[in-house]
Amino acid sequence: MKTFSPVGAESAPDDITRMGDSVYVSFHNDVGPLGEASANGATASTVQQFSVDRKPGKSWQVTGKVDGLTADPEHHRLLLTASEDGNSSFSTLSPDPAKPLTTYTYSGLTHGGGTDAVSVVNGKILVSASAPADTSGPAAYSVALEGTTAKLTPVFGDSATATAANGPQAGKTTTLGLTDPDSNTQVPASAPRFKNSFMLDAQADRQLIFTSNPGGGDEDKQDSQDGK
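Residues numbered from 1 in each chain as written. Predicted model: local features only at pLDDT ≥ 70, side-chain atom pairs only at ≥ 80, totals over all residues. Heavy atoms only, no water.

**Quick word on the overall build of the protein**
Scanning the protein for helices and strands turns up zero helices and 18 strands. Here the C-alpha radius of gyration of the protein, 18 Å, is about what a compact globule of 228 residues would show, namely 17 Å. Dimensions along the principal axes, computed over C-alpha positions, put the protein at roughly 50 × 35 × 35 Å. Scored against the burial criterion, the 228 residues of the protein give a buried share of 47%. Across the protein, the fraction of contacts at a sequence separation of at least 24, relative to all contacts at a separation of at least 6, is 43%. Counting every atom, the protein has about 10,800 Å² of accessible surface; 48% of that belongs to carbon and sulfur. Across the protein, the mean location of the 16 positive side-chain charges is 7 Å away from that of the 26 negative side-chain charges. (Helix = DSSP H or I, 4+ residues; strand = E, 2+ residues; numbered from the N terminus. Rg over C-alpha atoms; globule rule 2.2 N^0.38 Å. Buried < 20%, exposed > 50% of the residue type's maximum accessible area, 1.4 Å probe, protein only. Contact = heavy atoms within 4.5 Å. Areas by Shrake-Rupley, 256 points an atom, 1.4 Å probe, with all protein chains shown as cover. Lys, Arg positive; Asp, Glu negative; His and termini not counted. Charge placed at Lys NZ, Arg CZ, Asp CG, Glu CD.)

**Considering the packing of aromatic side chains**
If you walk through the whole model with that rule in mind, you get five aromatic pairs. Aromatic pair Phe194 and Phe210: ring centres 4.2 Å apart, planes at 15°, arrangement stacked. Pair noted here: Phe194 is in the loop between strand S15 (181-186) and strand S16 (198-202) and Phe210 is in strand S17 (residues 207-211), with a separation of 16 residues, a long-range link. Per residue, the accessibility class of Phe194 equals that of Phe210, and both read buried. Counting every residue linked through ring pairs, the aromatic cluster contains Phe90, Tyr104 and Tyr106. (Phe/Tyr/Trp six-rings, centres within 6.5 Å; stacked < 30°, edge-to-face > 60°.)

**Things to note about the nonpolar core**
Membership of the largest hydrophobic core comes to 14 residues, with the highest contact counts inside it found for Phe156, Leu176, Leu178, Phe198, Leu200 and Ile209. Looking at this core, the elements that each hand over two or more residues are strand S11 (138-146), strand S12 (149-157) and S16. Top contributing element to this core by residue count: S16, with three residues. Counting twelve residues, the second largest nonpolar core, distinct from the first, contains Leu79, Tyr104, Val127 and Ala150. (Core = buried A, V, L, I, M, F, W, Y, C linked by side-chain atoms within 4.5 Å.)

**Topic: unusual backbone geometry**
For Ala12, which is not glycine, the phi torsion reads 60° and is therefore positive. Position of Ala12 relative to the elements: it lies in the segment before strand S1 (13-19).

**With respect to the sheet that holds strand S4 (residues 56-63)**
Within the open sheet, the four strands sit side by side as S1-S2-S3-S4. Their pairing is antiparallel. Bordering the open sheet on either side are S1 and S4, each of which pairs with just one other strand. This sheet shows a mean twist of 20° between the axes of neighbouring strands, independent of strand direction. Sheet topology note: the strand S3 (residues 44-51)/S4 ladder contains six bridges and is antiparallel. Directly across from Ser45, in S4, lies its bridge partner Val62. (Pairing = 2+ DSSP bridges. Axes fitted to C-alpha atoms, helices over the stretch in contact; angles between N-to-C directions.)

**So, the sheet that holds S12**
Backbone hydrogen bonds are what pair the strands of a sheet, in a parallel or an antiparallel way. If you trace the eight strands from one edge of the open sheet to the other, you get S5-S6-S7-S8-S12-S11-S10-S9, paired in mixed fashion. The open sheet has two edge strands with one neighbour each: strand S5 (66-72) and strand S9 (114-121). Between one strand axis and the next, the sheet turns by 30° as a mean value, whatever way the strands run. Judged from the five bridges that link them, strand S6 (residues 77-82) and strand S7 (residues 89-93) form a sheet pairing that is antiparallel. Within S7, the residue paired with Leu80 across the bridge is Ser91.

**Notes on the environment of Val62**
With respect to the helices and strands, Val62 occurs in strand S4. You can call Val62 buried: its relative accessible area is 4%. Setting aside chain neighbours within four positions, we find Val62 in contact with Ala44, Ser45, Val47, Leu80 and Leu101.

**A closer look at the pattern of salt bridges**
Counted by the stated rule, this structure contains three salt bridges. Between Asp21 and Arg18 there is a salt bridge whose closest N-O contact spans 3.9 Å. According to the relative accessible area criterion, Arg18 is exposed, its value standing at 51%. Two residues, Lys65 and Glu84, come together in a salt bridge whose shortest N-O distance is 3.1 Å. Highlighted residues: Lys65 in the loop between S4 and S5 and Glu84 in the loop between S6 and S7, separated in sequence by 19 residues. The class of Glu84 is buried, set by a relative accessible area of 10%. (Salt bridge = Lys/Arg side-chain N within 4 Å of Asp/Glu carboxyl O.)

Functional significance is not addressed by these values, which are geometric in nature.
Encoded structure:
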């Protein structure tokens, strides 16, 4: 076990990712989920670079609460989302250029909340549709970056049809009723089940939702694993 220590006054570490020989950590510095200033007046998060042997490198300030962070090694950049409950934005961060940070305005954000975790699956950028107003909207979006706009397209909905993956209803069709889409990731290829699938965690609902082809036209074919 190795410890990566804060470099300055940053606080509240959240997402972490690795790209090449660097590890990147987002510190949201107690900024609120709508981008509200912290008790000490902070309105920006810190993204801190470390080498794999824990030496600190560069750092960047990003307006809002950075709650989603992942590497996009194909384009040698990081992908970030800020302020998961509302007033959300999407950014790319390229560690090398003189002007590394580019921030985009969302279009097509229709679920009444914000965006949270971000993953790259089969070349597609996918984000969680967090803090929904109700269960009638998207649970996750795919993201297309066009100019200064991050154009969102629903992947599947909070009330999508799924197949129960475990429990007494395993194998039967169920209707999701997600209230808290949160973290997401791609299941490793070595997994015995759902390998390479996109996995969404509905935290308060205690469910994991898997889809094998997100954004590929078969969004009604999900598997849901109940954590109860």
